[in-house]
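Observations on the model geometry
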Amino acid sequence: GVLVSQLYGARREHELRRAASTLLITQASLGTALAVLGSLGAELLVVGLMRVTDEASRAYAVEYFAIYAVGLIFQYIYNAVAGILRAVGDSRASMYFLCVSAALNTVLDLWFVISFGWGVVGVAVATVIAQAASATVSIVYMMRRYPIFLFRRSELVFYT
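Here goes a summary of the coordinates provided.

A word on the overall build of the protein. The helix and strand tally for the protein stands at seven helices and zero strands. When the helices and strands of the protein are placed in sequence order, the string is α-α-α-α-α-α-α. Referenced to the eigenvectors of the C-alpha coordinate spread, the extents of the protein come out at roughly 55 × 30 × 25 Å. For the protein, the exposed area adds up to about 9400 Å²; of that, 65% sits on carbon and sulfur atoms.

Written out as structure tokens, the structure is:
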């Protein structure tokens with residue numbers, strides 16, 4: 001974030017795009033890896049790390065966490081975009097995206113649980129959908145509001 005901010009202020013566009021690209025790739029990769037590990041290792045994490053031993057709670061916790069972990073990729077992407085937006089002086093947009101995401105999550109929770117009777121699965125799915133929506137809207141906003149971040153596929157490259 002500091003590097004993006006400095007490069008943005010210095011109007012060093014080429015380096016700014018490289019730094020932002022690297023941040024996005026790093027966060028998306030980390031989010032993907034954690035999503036896979038969290039989904040596949042949900043029981044190990046819930047029982048071994050979180051110490052959920054109550055049989056009734058454990059089944060629900062594992063089910064919720066396995067689905068919730070899928071949303072980690074969206075959380076990490078959103079956080080990368082939010083960091084970029086804050087670095088260029090736009091901190092309000094990220095807050096608005098979180099507010100909309102929280103409202104969407106609440107509405108979907110109620111809809112999935114009350115209307116469809118999905119229970120814990122519905123709450124987890126609602127959370128992932130809200131996270132995906134927040135990540136998507138934040139990316140679209142960043143690219144439209146700041147065309148400098150409108151990357152071509154060839155420009156999404158990891159730089160060291």
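There is more to say, and it comes next.
Attention now goes to helix 4 (residues 55-70). Because each turn of an α-helix spans 3.6 residues, side chains separated by three or four positions in sequence point in the same direction. Given a rise of 1.5 Å per residue, 16 residues ought to cover 22 Å, and the 24 Å separating the end C-alpha atoms of helix 4 matches this to within 8%. Of all the positions in helix 4, only Val 62, Phe 65 and Ala 69 are classed as buried. Burial along helix 4 is one-sided: seen end-on, the buried residues are contained in an arc of 75 degrees. Opposite its buried face, helix 4 presents the exposed residues Ala 56 and Tyr 60, each directed more than 90 degrees away. Of the surrounding elements, those touching the buried residues of helix 4 are helix 2 (13-40), helix 3 (42-49) and helix 5 (72-87).

Tallied over the entire structure, the rule returns two salt bridges. Measuring nitrogen to oxygen at the nearest pair gives 2.7 Å for the salt bridge that ties Glu 55 to Arg 58. Of this pair, Glu 55 and Arg 58 both sit in helix 4, three residues apart, which is roughly one turn of the helix.

Trans is the prevailing form of peptide bonds, just as negative phi is the prevailing case for residues other than glycine. The backbone phi angle of Arg 11 is positive, close to 60 degrees, even though this residue is not glycine. At Arg 51, a residue that is not glycine, the phi angle is positive and equals roughly 60 degrees. With respect to the secondary-structure elements, Arg 51 resides in the loop between helix 3 and helix 4. Using a relative accessible area of 63% as the deciding quantity, one classes Arg 51 as exposed.

As a further point, take a nonpolar patch on the surface. Taken together, the side chains of Leu 30, Leu 34 and Leu 37 present a nonpolar region at the surface, about 250 Å² in accessible area. With respect to the element layout, Leu 30 can be found in helix 2. A relative accessible area of 38% places Leu 30 in the partly exposed class.

The space that makes up the largest pocket amounts to roughly 190 Å³. In terms of lining residues, the largest pocket is bounded by 11 residues, among which Leu 3, Glu 15, Arg 18, Ala 19 and Thr 22 are the most central. Elements with a minimum of two residues in the lining of the largest pocket: helix 1 (2-9) and helix 2. A per-element tally of the lining of the largest pocket places helix 2 first, with five residues. Taken together, the residues of the lining of the largest pocket sort by class into six nonpolar, three polar and two charged. In this structure, the second largest pocket spans a volume of roughly 160 Å³. Taken together, Leu 24, Ile 25, Ala 28, Ile 77, Ile 139, Met 143, Phe 151 and Leu 156 form the lining of the second largest pocket. Of all elements in the fold, only helix 2 and helix 7 (119-145) reach the threshold of two or more residues within the lining of the second largest pocket. For the lining of the second largest pocket, the element with the most residues is helix 2, which contributes three residues.

Cut-offs applied
Residues numbered from 1 in each chain as written. Predicted model: local features only at pLDDT ≥ 70, side-chain atom pairs only at ≥ 80, totals over all residues. Heavy atoms only, no water. Helix = DSSP H or I, 4+ residues; strand = E, 2+ residues; numbered from the N terminus. Areas by Shrake-Rupley, 256 points an atom, 1.4 Å probe, with all protein chains shown as cover. Expected span 1.5 Å × (residues − 1). Buried < 20%, exposed > 50% of the residue type's maximum accessible area, 1.4 Å probe, protein only. Arc of directions from axis to C-beta. Contact = heavy atoms within 4.5 Å. Salt bridge = Lys/Arg side-chain N within 4 Å of Asp/Glu carboxyl O. Patch = residues over 30% accessible without salt bridge, like charges linked within 9 Å, V, L, I, M, F, W, Y side chains within 5 Å. 1 Å grid on protein atoms, 1.4 Å probe; cavity = no way out; pocket = protein on both sides within 12 Å on 5 of 7 lines; lining within 4 Å. Points joined across faces, edges and corners; volume = space filled by probe spheres on them. Nonpolar A, V, L, I, M, F, W, Y, C, P; charged D, E, K, R; others polar.

Interpretation note: all reported values are geometric properties and have no functional meaning in isolation.
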